[in-house]
Amino acid sequence: VDLDTETGKMASICGLAARLYYINTDDQPKEDAMNVPPWECIFLSKNGNVVEPSYALRYYKIQQLVPGSTTQYRDLIRAEWYDKTTVSFWIEIAASEPQPGSEDPNTVKAPSPLIGKFVPDPSEEPKEHGFTEVPLIGFPNNEEYQGDAEKVLALIDAYDRTLSDVNSEIEQFRLAYLAIYGYANIDDEFISRMKKTGTLGFDDPNDRAEFITKTLDAVAVENHLTRLEQEIYAISGIPNLRDEAFSGNSSGVALKFKIFPMEIKCKMAENKFAAALHQQFKIVGSKWQVEKVNFNSDDLTFTFKRNFPLNLLDAAQTAQSLTGIVSQETVLSTLPIVKNVQEELEKIKKERDEQIDLDRVPIDEMNPVEELQNGMQGEGKEAEEVTGPAKGSS
């Protein structure tokens, strides 16, 4: 769950997330997965599909000791090339690498002409990765690979600049110049006395002093910030939860209408995420099939639930109205408080099995079987007494 949460967050930010599947051999071989920064991955396929690539490349920086040094390191790029069966490892040729064929590598100081080229990494040989699919796949946020905030980044920057400028203007009030009119005896002693006492005294009533400050139009600034904020939420399709429209006791249906644009974005992301999850289990299942485990990734169904405040009364009334029309499993799936429908059905069945049938409980604890039989015989005699006279009288 934590891995999926981080994958969704990365796809929301960058427009694309990436995940690598591998065989963890620490204790005993088992399938494992790790999230990879999407900017370190390149996916190759005929139709441009990053979910089911034909080949995939991952590259990242590593630190390597400089030849002849025990403390100085240099940054190099290491690459991993994946196809459907194997992975090979490549490393960048550094500027200080000796020329190929040089007899004395310590005397070679000129940069190698192969800078920017990659050669097989001598520290690790190519090997099978254990699957029959490319184990490095992408999780797109949408078809355009856009992050959720990408369309409004310019507006967000404008909003931040305005706040920063207003904050700077307010701070400048402390550093405003003091203008003194008419008084000519301004010297160091006058300034020192003014700083010490915090007051000014003039002999001539026409003399005066005031700070030179810029007039800040607070209304214009507030209107500008409000307009930017509205545009950010409108273009991004994300509702402003601090808006007055979300105050009060709005029903779950009313709130859903207010967040409908965001719901469309979520549904699109769900479809992309579900396709990547299907490919994930197709990759892992390819190893299980080799191990003779009966598994088909097409049989899986993924369900996404919103962390959204709902009116439980409306949900309960809806479930009650559906009872008797659809199956109990479908009824329970409409309740937001039910996290696992199958688990809830098992709990209901267990409660029914544990209920005591009072009509079958014996009264005589010493002879429960005899008491139960006597009770049944007594019921039969009462029936005969009731039906007997009626039959004779006829």
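As the structure is a computational prediction, the values presented were derived from the model and not from experiment.

About the thresholds
Residues numbered from 1 in each chain as written. Predicted model: local features only at pLDDT ≥ 70, side-chain atom pairs only at ≥ 80, totals over all residues. Heavy atoms only, no water. Pairing = 2+ DSSP bridges. Helix = DSSP H or I, 4+ residues; strand = E, 2+ residues; numbered from the N terminus. Axes fitted to C-alpha atoms, helices over the stretch in contact; angles between N-to-C directions. Contact = heavy atoms within 4.5 Å. Polar contact = N/O pair within 3.5 Å; in protein donor to acceptor, adjacent residues only side chain to side chain. Expected span 1.5 Å × (residues − 1). pLDDT = per-residue confidence, 0-100. Phe/Tyr/Trp six-rings, centres within 6.5 Å; stacked < 30°, edge-to-face > 60°. Lys NZ or Arg CZ within 6 Å of the ring centre and 35° of its normal.

1. Focus: the sheet that holds strand β2 (residues 30-36)
Here is step 1 of the chain: Read across the open sheet, the three strands follow the order β2-β1-β9; overall the sheet is antiparallel. The sheet is open, and its two borders are formed by β2 and β9 (136-140), each paired with just one other strand. Averaged over all adjacent pairs, the angle separating strand axes in this sheet is 30 degrees, with direction ignored.
Here is step 2 of the chain: Of the strands in this sheet, β1 (16-24), β2 and β9 are in contact with helix α1 (residues 2-14), which crosses β1 at around 150 degrees.
Here is step 3 of the chain: Sheet strands in contact with helix α6 (residues 260-290) are β1, β2 and β9, and its direction is about 160 degrees off that of β9.

2. Quick notes on the side chain of R19
Here is step 1 of the chain: Within the element layout of this structure, R19 appears in strand β1.
Here is step 2 of the chain: For R19, the side chain forms a polar contact with the main-chain oxygen of L3, separated by 3.4 Å.
Here is step 3 of the chain: Reaching out from R19, the side chain makes a polar contact with the side chain of T7 at a distance of 2.7 Å.

3. Some remarks on α1
Here is step 1 of the chain: Across its 13 residues, α1 extends 18 Å between first and last C-alpha, which sits within 8% of the 18 Å expected from 1.5 Å per residue.
Here is step 2 of the chain: Within two residues after α1, G15 carries a phi angle of roughly 90 degrees, on the positive side.

4. Details of the confidence of the model for the chain
Parts of the prediction with low pLDDT should not have their coordinates interpreted in detail.
Here is step 1 of the chain: On average, residues of the chain carry a pLDDT of 80, and 80% of them reach 70 or more.
Here is step 2 of the chain: When pLDDT is averaged over each element of the chain, strand β3 (residues 41-44) comes out on top at 95 and helix α10 (residues 368-393) at the bottom at 49.
Here is step 3 of the chain: Scored below 50 in pLDDT, residues 379-384 makes one contact in the model with residues more than four places away or belonging to other chains.

5. Considering the packing of aromatic side chains
Here is step 1 of the chain: Under the definition given, this model contains seven aromatic pairs.
Here is step 2 of the chain: Grouping aromatic residues by their ring pairs yields a cluster made of F139, F273 and F304.
Here is step 3 of the chain: The residue whose ring lies beneath R208 is Y181, and the NZ or CZ to ring-centre distance is 4.0 Å.

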